[in-house]
Amino acid sequence: MTDKIRSQEEIAARVKALESMLIEKGIMTTQAIDRLVEIYEHEVGPQLGAKVVAKAWADPEFRERLITDATTACKELGIGGLQGEDMVVVADTDTVHNVIVCTLCSCYPWPVLGLPPNWYKDPQYRAAITREPRTVLKETFKYWIPDSVEVRVWDSSSEMRYWVLPQRPEGTDGWTEEQLVELVTRDSMIGVGPTAAVA
Amino acid sequence: MAPELERPDATELGNARRRIEQLVSDLPGGDPAERSFDQPWQIRAFAMAVAAYQERQFEWSEFQLSLISSIRDWEASGAREQDDPWSYYQHWVAALESVLSGSGLLSEAALDEQTKQVLALPPNRNHHGPHREPIAVDQAR
């Protein structure tokens, strides 16, 4: 395969093809691969998104830029993907809570969140979160959204990938970005869980 | 990094990771900095090789030799940075293909064919455009 140059798209397709063939032949299982990926996940994991969120909490001007054009704002921090998808950040407020999904496959803003967890790719999540978001959050994720808050579900596609800017937790006045970053959870950037409790 | 974060990670995940570190530490590019991932396919390819080895599909030394040979070929080709830039994981994939096809587990022709199919198949016709509005709203009550 070294006889010609491959684009990222071609090589990604080849790896995908290889994986499906090996699984089909029973040489390995998806679970085994997922497990190994999990072990290494933090290499491309959600700590990058957490950095962006912490900065947005600490710096209102950066927050504005992030909401206007997330892809460009992330680049300021050296965070970005090579595939050129547009990232869009949807900000939670006192009256709106946001959740992301990819209804058709598993589009996910991996430059900031890493690789998607398995349940995100699961047809059941993809269908249910669209049908009954509030109930799914409560029953599947044990995450209760007050009735006074509207829940919006955003569908990522290969051209536009959403992720969530959670609200800055109360009781964090005067915290530095380094302290704030510890409060940002992956699930809070997907919209299926809270930020970490303020100690 | 805070000192307490530098303590060895004694969790099950940390142990699993250390076992793999040990496995890959004597590979060319075994330096963790060389191994960090910047594309999802790279971490998939990485995991697949380790998984295939754990399923006893080949000896780790075979994979190692194959990786060395792919990198050596690239170096010997005069490696013009523009035409054929360095990509550690392209060699990784090449090495994996080579050991699997060497033992008859994989046909390169079948893989070429399957790759074409993946490339020809957009996830969905409507899926390449942006979806600018929320697809579901659960209103405040």
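Before any of the text, the structure's been laid out above.
This structure is a prediction, so every number in the text was calculated from the model and none was measured. (Residues numbered from 1 in each chain as written. Chains lettered and ligands numbered in written order. Predicted model: local features only at pLDDT ≥ 70, side-chain atom pairs only at ≥ 80, totals over all residues.)

Overview of the overall build of chain A
Check the secondary structure of chain A and you find 11 helices and 4 strands. Across the 199 residues in chain A, those meeting the buried criterion constitute 39%. Counting contacts in chain A only where the partners sit at least 6 residues apart, residues at least 24 apart contribute 68% of the total. (Helix = DSSP H or I, 4+ residues; strand = E, 2+ residues; numbered from the N terminus. Buried ≥ 20, exposed ≤ 12 C-beta atoms within 10 Å, placed from the backbone. Contact = placed C-beta atoms within 7 Å.)

Section: the pairing of strand β3 (residues 150-155) of chain A
Of all 6 residues making up β3(A), 5 are buried, and the element is well covered by its neighbours. Where strand β2 (residues 96-101) of chain A meets β3(A), 6 bridges bridge the pair, whose relative direction is parallel. Counterpart to A:Val96 in the pairing with β3(A) is A:Glu150. Pairing geometry for β3(A) and strand β1 (residues 136-138) of chain B, over 3 bridges, is antiparallel. Bridge pairing in β1(B) places A:Arg152 opposite B:Val137. (Pairing = 2+ DSSP bridges.)

Observations concerning the packing of helix α3 (residues 40-54) of chain B against helix α5 (residues 88-102) of chain B
Residue and element names in this part refer to chain B. Relative to each other, α3 and α5 sit at 30°, their axes nearing to 10 Å. Viewed along their axes, α3 and α5 form a crossing whose handedness is left-handed. Two secondary-structure elements touch here, α3 through Gln42, Ala45, Phe46, Met48, Ala49 and Ala52 and α5 through Tyr89, Trp92, Val93, Leu96 and Leu100. Residue composition of the contact of α3 with α5, grouped by class: 10 nonpolar, 1 polar and no charged. (Axes fitted to C-alpha atoms, helices over the stretch in contact; angles between N-to-C directions. Left-handed = near helix turned anticlockwise from the far one by under 90°. Nonpolar A, V, L, I, M, F, W, Y, C, P; charged D, E, K, R; others polar.)

Re the sheet that holds β2(A)
The strand order β2(A)-β3(A)-β1(B) describes an open sheet built from 3 strands, whose pairing is mixed. The two strands at the open ends of the sheet, each matched to only one other strand, are β2 of chain A together with β1 of chain B. Each adjacent strand pair in this sheet contributes to an overall mean axis angle of 20°, direction not counted.

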